[in-house]
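# Close look at the chain arrangement
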Amino acid sequence: MGEKKFQVAVIGAGPAGLFGARELAQAGVQVTLFNRDIKPGGLAEYGIYPNKFAMKQGLRKQFKNILETPNLHYFGNVTVGDHADLSLDDLRDLGYQAIFVTIGAQGTKWLGLPGEDLTGVYHAKDVVYFYNHLPPFSQQEFRFGERCLVVGAGNVMMDIVRYLVRQEKVKEVTALVRRGPAEVKFTKKELEYVAENLDLDALDTEIARVSENMRAVGQDPEAAKEFILSALPRAAPKISETKLNFQFLTSPQQMLGDKQKMLTSVEVEDNLLSLNEGVTKPRGTGETRLIEAETIIFAIGDKVDEDFGLPVVWSEFVKNEKPRFPDDGNTYEAYDPASVSIIEDVFFAGWSRKASDGLVGYARKDGIIGARAVLAYLSTLSGKEPVLPALENKLASLSKPIVTNEAALHLYQIESEEASKRGIEEFKFNKNEDMLAAVGLAAMEL
């Protein structure tokens, strides 16, 4: 019989899962880290803008160190959920005492507007995965026309704008922002990558259009304009003739297409800001107009996977509001509102706990804190026999290639060597089949 240890399954190998798994393993827990992708990293690997090479290389170095942690066993190309390779109950039956969910916000949030099925209508996450070479999104065809709209006001919206301006070099990009220019969420640093492409005359016109309404709710249009213009002194050199515009206080209502179901225009509604008990909100005016476009990309946030097997409300997994193991008032514990009871062996961290909140540093910290909540729970239990023999038998029955710690580390090495051969900063395989072949695993089923 093997040594009795606590047995924990960590689902998802982004920063929250990786750093959380290491925290558990270093505390002596037997940790199994499951990942739907072949390569670990999650959004740190497939969500950071492609040319941020130094940041990504630094993170990969940390991830490689984590994969070498004793007591931590990685299994990539394995899905977990209600309709997946393994269910949560499968993990329980195998003997796992706690399940630490760090899968991020794998769902996509849509507004439910007419025309969302037209060619040329996309979610930002799919586009980000495409240009970061995450299979199968890397093989998806996208229609980036001459006139592109991007809906949103945060850094993800600005990343999409950057890609359209500097990589696709389309004719025109317009950011549709339902609030006013004083309430944008993107940073000056992100704006600097595309500031040289700003149509300054159009910006003047747009600020003038919304100024009266802004002043009526106590906002300063000149200060908002100055923030946008503050990106110009350190703007990246212009490499395309793309015109970048903003349309504030504007909300899409429906997408219109031709007989081939290709996007041709978007109907938008003009908004007005209203002030109620100190809170400013945009309200639709009922006034609509058409904007011609071949592409619209929604950068409006994410939601968790509703097919994972846990209760979901308002795009998030339901959490225990009276946690047994809180951290600074935050809860990392799952809850079932249907049975009005705690799901005692399930914990969350990262975007699984709070969708679209923070970047890599946040996810890392949240994974570590969440792992400590798991450890506090485990302290109420006794250790168990190793689950790996039973798990390996179960995975063998799937008849698909499974990526272990050793294979993942080998893949990192192969991609690094290939980048050196080609004289480029970074190389990524574009297909799962190619990654599996590179590490000697036959692509039996993907």
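Report follows, based on the coordinates. Because the structure is a prediction, the values reported are computed rather than measured. (Residues numbered from 1 in each chain as written. Predicted model: local features only at pLDDT ≥ 70, side-chain atom pairs only at ≥ 80, totals over all residues. Heavy atoms only, no water.)

## Examining the overall build of the protein
The number of helices and strands found in the protein is 13 helices and 18 strands. Here the C-alpha atoms of the protein give a radius of gyration of 24 Å, agreeing with the 22 Å that 2.2 N^0.38 yields for 446 residues. Along the longest, intermediate and shortest principal axes, the C-alpha atoms of the protein span 75 × 55 × 45 Å. Taking all 446 residues of the protein together, the buried fraction comes to 53%. The contacts of the protein with a sequence gap of at least 6 include a subset with a gap of at least 24, amounting to 72%. In the structure as shown, the protein presents an accessible area of about 20,100 Å², 48% of it carried by carbon and sulfur atoms. (Helix = DSSP H or I, 4+ residues; strand = E, 2+ residues; numbered from the N terminus. Rg over C-alpha atoms; globule rule 2.2 N^0.38 Å. Buried < 20%, exposed > 50% of the residue type's maximum accessible area, 1.4 Å probe, protein only. Contact = heavy atoms within 4.5 Å. Areas by Shrake-Rupley, 256 points an atom, 1.4 Å probe, with all protein chains shown as cover.)

## Quick notes on the packing of aromatic side chains
Enumeration according to the criterion identifies 21 aromatic pairs in this entry. Geometrically, the ring pair formed by Phe34 and Tyr96 is edge-to-face, given 6.3 Å between the ring centres and 75° between the ring planes. Placement of Phe34 in strand β2 (residues 30-35) and of Tyr96 in the loop between α4 (88-94) and β4 (98-101) is noted, with a sequence separation of 62 residues between them. Assigned by exposure class, Phe34 and Tyr96 land together as buried. Members of the aromatic cluster, each reached through a chain of ring pairs, are Tyr49, Tyr122, Phe130, Tyr131, Phe142, Phe144 and Tyr163. Lying across the ring of Tyr193, Arg162 places its NZ or CZ 3.4 Å from the centre. (Phe/Tyr/Trp six-rings, centres within 6.5 Å; stacked < 30°, edge-to-face > 60°. Lys NZ or Arg CZ within 6 Å of the ring centre and 35° of its normal.)

## A few points about the pairing of strand β13 (residues 295-298)
Regular strands show a simple pattern: their side chains alternate between the two faces of the sheet. Residues Thr295 and Ile297 line one face of β13 and the alternating positions Ile296 and Phe298 line the opposite face, and both faces are buried. Across three bridges, the pairing between strand β6 (residues 121-123) and β13 is parallel. Across the sheet, the residue bridging to Val121 is Ile296, located in β13. Relative to β13, strand β7 (residues 147-151) runs parallel, the two being bridged by four bridges. (Pairing = 2+ DSSP bridges.)

## Points about the pairing of β7
Counting buried positions over the five residues of β7 gives four, a clear majority of the element. Of the strand pairs in this sheet, β7 and strand β8 (residues 172-177) are connected by five bridges, and their pairing is parallel. Paired with Cys148 across the bridge in β8 is Val173. Taken together, β7, helix α6 (residues 155-168) and β8 constitute a β-α-β crossover, and its handedness is right-handed. (Right-handed = clockwise from strand over helix to strand, strands pointing away.)

## Description of the side chain of Thr174
Relative to the elements of secondary structure, Thr174 occurs in strand β8. The contact partners of Thr174, leaving out residues within four places of it in the chain, are Cys148, Leu149, Val150, Asn245, Phe246 and Gln247.

## Details of the sheet that holds strand β10 (residues 250-257)
What the three strands build is an open sheet, ordered β10-β11-β12; its pairing is antiparallel. Strands with a single pairing partner mark the edges of an open sheet, and in this sheet they are β10 and β12 (279-292). Taking the axes of each pair of neighbouring strands and ignoring which way they run, one obtains an average angle of 20° across the sheet. Most of the contacts of helix α8 (residues 200-216) go to strand β11 (residues 263-276), to which it runs at about 25°, and overall it touches β10, β11 and β12. (Axes fitted to C-alpha atoms, helices over the stretch in contact; angles between N-to-C directions.)

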